[in-house]
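Tertiary structure, described
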Amino acid sequence: MPGWVTYPIRDVGGVSTGPSEGVASILDTLRVGTVMLDGNGRILLWNPMTEEILGWRAEQVIGHRIQDFLEDGYGEGERKRDEALKRERRWRGTMNILHSAGHRVAVEGRVSLLYDTADRPVVLANIVETSRLRSVEHDLAALDALFASSPLGIALFDNDKRFVRVNDALARLDQLPPEQHIGKEVGEVFPPWMAEEVSAVQSTVLETGEPVVDVVMPAPDGPGSRSVSYSRLTSDKGEVLGVSCVIMDITERREALEKIEAARERLALLDDVGVGLADRFDVTAISQALASSLVPRLADYAGVMLIGAAAHGGDLPDIELLTGTPLFQLGVAAREEGPTVNRMLRVGQDVPFLADSFFGRTLATGVPHLASSPRELLAATYPGDPKMQAALDLGVHSLMAVPLRARGVVLGLLVVSRAEGRDQFNRDDIALAMELADRAGISLDNARLYARERAGALMLQRSLLPQRVPEPPGVRVAYRYVPGSSGTEVGGDWFDVIPLAGGRVAFVVGDVMGHGLHAAVTMGRMRTAVRTLAGLDLPPDELLRRVNDLADDFVQTPDEPLIATCVYAVYDPSTRRCSLAKAGHPPPLLLTETADGSWEARSLDLPSGAPLGVGGVPFESYDLEVVEGSVLILYTDGLIEARGEDITEGIDRLCAMLSGGPVGDDPETPATLEEACDGVIGDLDGRTAAQPIDDVALLMAKLGGLPQGSAASWTFPAESYAVRRAREVVRRTLREWGLEPLEDTSVLLVSELVTNSMRYAHGPIGVRMVRGSSLLVEVSDPLPDPPRERSALPDDEGGRGIRLVAREARRWGTRHGPMGKTVWFEIALP
């Protein structure tokens, strides 16, 4: 194991194969001194090692009595030693001898009493420093204890890589007695495939001196793993003595680590599947994501099969599934591709099964089933199913079917399988698959409910949007509504085209903040309010102000205040003037043709205004005269918003997309409004793959004028002859237009209105006639007060004009302008 090292062995000798010159010995470590005395205790011999131990040179001590060098002289202890030596002819013990430097040296001596050929007594003593001797004894004792008690296998090798010593633990690991190791190389003990690797490691350690720690090797005689560490043995002088080896059985540790790693992988898979499914709201996308996440981490093949109600967003059945009702395979994943795989797994195919089959029982009971034999595999669906035969052809040997459940109802099956080269599924795999299936089941059911609610909201929203868009004279309109991509709820985007009096037309695009049914309902209420107020012929800023005043009536609850944006534009084809106002909405674009034949799109710099429902900011109108053929473009923010991008960048991108060079250049401005709408909406497809988009409302209006000769206007002073002159010009114009049947009615009504203006306004009187889908007649004067319809008494001279207009005209009304008012009426064409 990492961090384990071999026990440090000091130079204790006995590990080399024999004495040789230059090789350290234990005697070099102990420094054994030899002293010879005669029968009277005089020193006869003082060898060089004794000189090193005690510091006295031989010439200084030979001939002197040994008692002269003892610390305490000749005392009681010395007498007992001499008596024991005479009695037993040997003695062992410790003595304190004075060093030449003056300090005491404790030595352990072994003394023997000998006799020479003349039968004279001679005393031979071998002395060793006590401190060095104890250190060597401790080292040897520690080494013996380590070899005897260590649970780790320990072996010592000489320089020829032969066993010198092994302990019982290593012998048990090798299943070979210790004596059958000694003197052998690893090739004589281990299998060849292992011996070659071990020998190479030993040679490297001997040559470099670098230890090799925690080399994991398989057991030589069966399953299991070992951790092996090697270190080079050297003496205190740096001489190489051999190699030490420590072996640890890590089979249980490896198994535990493998279990921990498997558990970690399972948790990681659960986490990845949970994250992968959390942001999806489409049943098919969830099914495919689930299948893809399991291959190859858990299985070689995976399929997600759902009942029809779950697959298509219907209501879940309350009763048991009928026999023969197929499942729909919505998600598949495989480790390889090919015709056989396609026969077994194919998105969209029906999966029929019998009630008593493998799949049928899983659906009925909600209990997972595992097939681990060809017979069980063939019984998964129905006899002769080509899909199951394809599985066998692919080498599938283990197949698991797990129910996909939500709120106590089985939605379908998660089917995973393994082929040759992988272990069969076990209980841990079943538990993991159940956990995955339960999480996926909730996501699938949420997606089913979301799809159903989204479909209802879409149906409601589409019913609240215009079913038919009118095209008044001089105006061509194209529009698109795109629901938000999957993952976003239905929003409150809307548009409308509202015909106004005199051939004028109002364009409106709005966006109610929020999503879901509430946003759709609020959108419908707001559209109705705008259409109603538009009938009053209000200027754009005044209309937005009145809609803002109604904001509290649009919300569902007081806790959900209305926040909406809107842009409202009124265009008069007869004058080619357009008046616009917006409430916190993205600016409209105007696409115009330049002198060189190219097209240029620019945003109109309208006063921003606050969103509806905020209040405190006045709305302002912006008037402009447009070039005939220009295109007004109104849209909601879903068309220009992109993650990580400022809204001005989106507006610039839209302008660049709509702008183009002369015919033949690339990009070319689309030839029709419909193509232009398709091009703009097509750009959204590239963004839906990267991120969900909000719903989008787009309205394009090509603004033109009325046909030549369709309008006429005059101005008269407030004099008595104004009525007569007005009658004349109206009668003459109607005859020029071929509308003689309308002459009497039109002249009568114009006469009444001009008379009223002359009587009360005291200023210039304007008369204007427009021929379109109907005949429009307008009478303008500086008086701001609108005329009122009242009942005249029989003897009153006036008061009947407005009632006459209301009775004879198809419709009539009053419009306020910057210089006064305009009273208008329409008469249907013959």
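Residues numbered from 1 in each chain as written. Predicted model: local features only at pLDDT ≥ 70, side-chain atom pairs only at ≥ 80, totals over all residues. Heavy atoms only, no water.

**Topic: the overall build of the protein chain**
Counting secondary structure elements, the protein chain contains 23 helices and 31 strands. For the protein chain, buried positions account for 47% of its 830 residues. Of the contacts made within the protein chain by residues no fewer than 6 positions apart, 62% connect residues no fewer than 24 positions apart. When the accessible surface of the protein chain is totalled, it reaches about 40700 Å², and 51% of it is carbon and sulfur. (Helix = DSSP H or I, 4+ residues; strand = E, 2+ residues; numbered from the N terminus. Buried < 20%, exposed > 50% of the residue type's maximum accessible area, 1.4 Å probe, protein only. Contact = heavy atoms within 4.5 Å. Areas by Shrake-Rupley, 256 points an atom, 1.4 Å probe, with all protein chains shown as cover.)

**Notes on the packing of helix α16 (residues 517-534) against helix α17 (residues 540-549)**
Relative orientation of the contacting elements α16 and α17 amounts to 135°, with a least axis distance of 10 Å. With respect to each other, α16 and α17 are oriented oblique. The two elements α16 and α17 cross, and the hand of that crossing is right-handed. Residue-level inspection shows Val530, Leu533 and Ala534 of α16 in contact with α17, the latter providing Leu543, Arg546 and Val547. Residue composition of the contact of α16 with α17, grouped by class: five nonpolar, no polar and one charged. (Axes fitted to C-alpha atoms, helices over the stretch in contact; angles between N-to-C directions. Parallel < 35°, antiparallel > 145°, perpendicular 65-115°, else oblique. Left-handed = near helix turned anticlockwise from the far one by under 90°. Nonpolar A, V, L, I, M, F, W, Y, C, P; charged D, E, K, R; others polar.)

**Focus on the packing of helix α9 (residues 283-294) against helix α15 (residues 427-464)**
Put simply, α9 and α15 touch, their axes get as near as 9 Å, and they point 160° apart. In terms of axis orientation, α9 runs roughly antiparallel to α15. The two elements α9 and α15 cross, and the hand of that crossing is right-handed. Contact with α9, carried on its side by Val283, Ile286, Ser287, Leu290 and Leu294, involves Leu436, Ala440, Ser443, Leu444, Ala447 and Arg448 of α15 and no other residues of that element. The residue makeup of the contact of α9 with α15, split by class, is eight nonpolar, two polar and one charged.

**Details of the pattern of salt bridges**
As enumerated under the stated definition, the model contains 36 salt bridges in all. Measuring nitrogen to oxygen at the nearest pair gives 3.9 Å for the salt bridge that ties Arg266 to Asp428. Residue Arg266 is found in helix α8 (residues 251-278), and its partner Asp428 is found in helix α15; the two are separated by 162 residues along the sequence. What makes Asp428 partly exposed here is its relative accessible area of 46%. Between Asp272 and Arg297 there is a salt bridge whose closest N-O contact spans 2.8 Å. Here Arg297 lies in the loop between α9 and β11 (301-306) and Asp272 lies in helix α8, a separation of 25 residues in the sequence. Salt bridges sharing partners connect three or more residues here, namely Arg266, Arg418, Asp428 and Asp429. (Salt bridge = Lys/Arg side-chain N within 4 Å of Asp/Glu carboxyl O.)

**Some remarks on a nonpolar patch on the surface**
Together, Met513, Ile563 and Val614 make up a nonpolar patch on the protein surface, roughly 240 Å² of accessible area in all. Here Met513 lies in the loop between β19 (505-512) and α16. Given a relative accessible area of 40%, Met513 falls into the partly exposed group. (Patch = residues over 30% accessible without salt bridge, like charges linked within 9 Å, V, L, I, M, F, W, Y side chains within 5 Å.)

**Focus on unusual backbone geometry**
Of the consecutive residues Val295 and Pro296, the connecting peptide bond is found in the cis state with omega at 5°. Tracing the chain through its elements places Pro296 in the loop between α9 and β11. Of note in the backbone geometry, Asp214 takes a positive phi value of approximately 55° without being a glycine. As for its position among the elements, Asp214 is in strand β8 (residues 212-218). Unusually for a residue other than glycine, Asp537 sits at a positive phi of about 60°. As for its placement among the helices and strands, Asp537 is situated in the loop between α16 and α17.

**Focus: α16**
Taking 1.5 Å as the rise per residue, α16 with 18 residues should run 26 Å; its terminal C-alpha atoms sit 26 Å apart, in good agreement. For α16, the full list of buried residues reads Ala519, Ala520, Thr522, Met523, Gly524, Met526, Arg527, Ala529, Val530, Leu533 and Ala534. Among the structural elements, α15, β18 (492-499), β19, α17, α18 (551-554) and β20 (564-572) are those in contact with the buried residues of α16. (Expected span 1.5 Å × (residues − 1).)

**Topic: the sheet that holds β18**
A sheet is described by the order of its strands in space; here five strands give the open sequence β18-β19-β20-β21-β24, paired in antiparallel fashion. Because the sheet does not close on itself, it has two edges, and the strands there are β18 and β24 (622-625). Adjacent strand axes in the sheet meet at a mean angle of 15°, parallel and antiparallel pairs treated alike. Examined bridge by bridge, β18 and β19 share eight bridges and lie antiparallel to one another. The residue of β19 that forms the bridge with Phe495 is Val509. α16 contacts β18, β19 and β20 of the sheet and is inclined by roughly 20° relative to β18. (Pairing = 2+ DSSP bridges.)

**What about a negative patch on the surface?**
Residues Asp249, Glu252, Glu255 and Glu258 make up a contiguous surface patch of negative charge. On the secondary structure map, Glu252 appears in helix α8. (Lys, Arg positive; Asp, Glu negative; His and termini not counted. Charge placed at Lys NZ, Arg CZ, Asp CG, Glu CD.)

**Notes on the sheet that holds strand β29 (residues 774-781)**
Here we have five strands laid out as an open sheet, ordered β27-β28-β29-β31-β30, and antiparallel in their pairing. Two strands lie at the open edges of the sheet, namely β27 (711-716) and β30 (811-817), each paired on one side alone. Strand-to-strand twist of the sheet, defined as the mean angle between neighbouring strand axes without regard to direction, takes the value 15°. By the bridge criterion, seven bridges tie β30 to strand β31 (residues 820-828) in an arrangement that is antiparallel. Each residue of the ladder has a partner; that of His816, found in β31, is Lys821. Across the sheet, helix α21 (residues 722-737) lies against β27, β28 (765-771) and β29, angled at about 170° from β27, the strand it touches most. Across the sheet, helix α22 (residues 743-760) touches β28, β29 and β31, and the angle it forms with β31 is around 170°.

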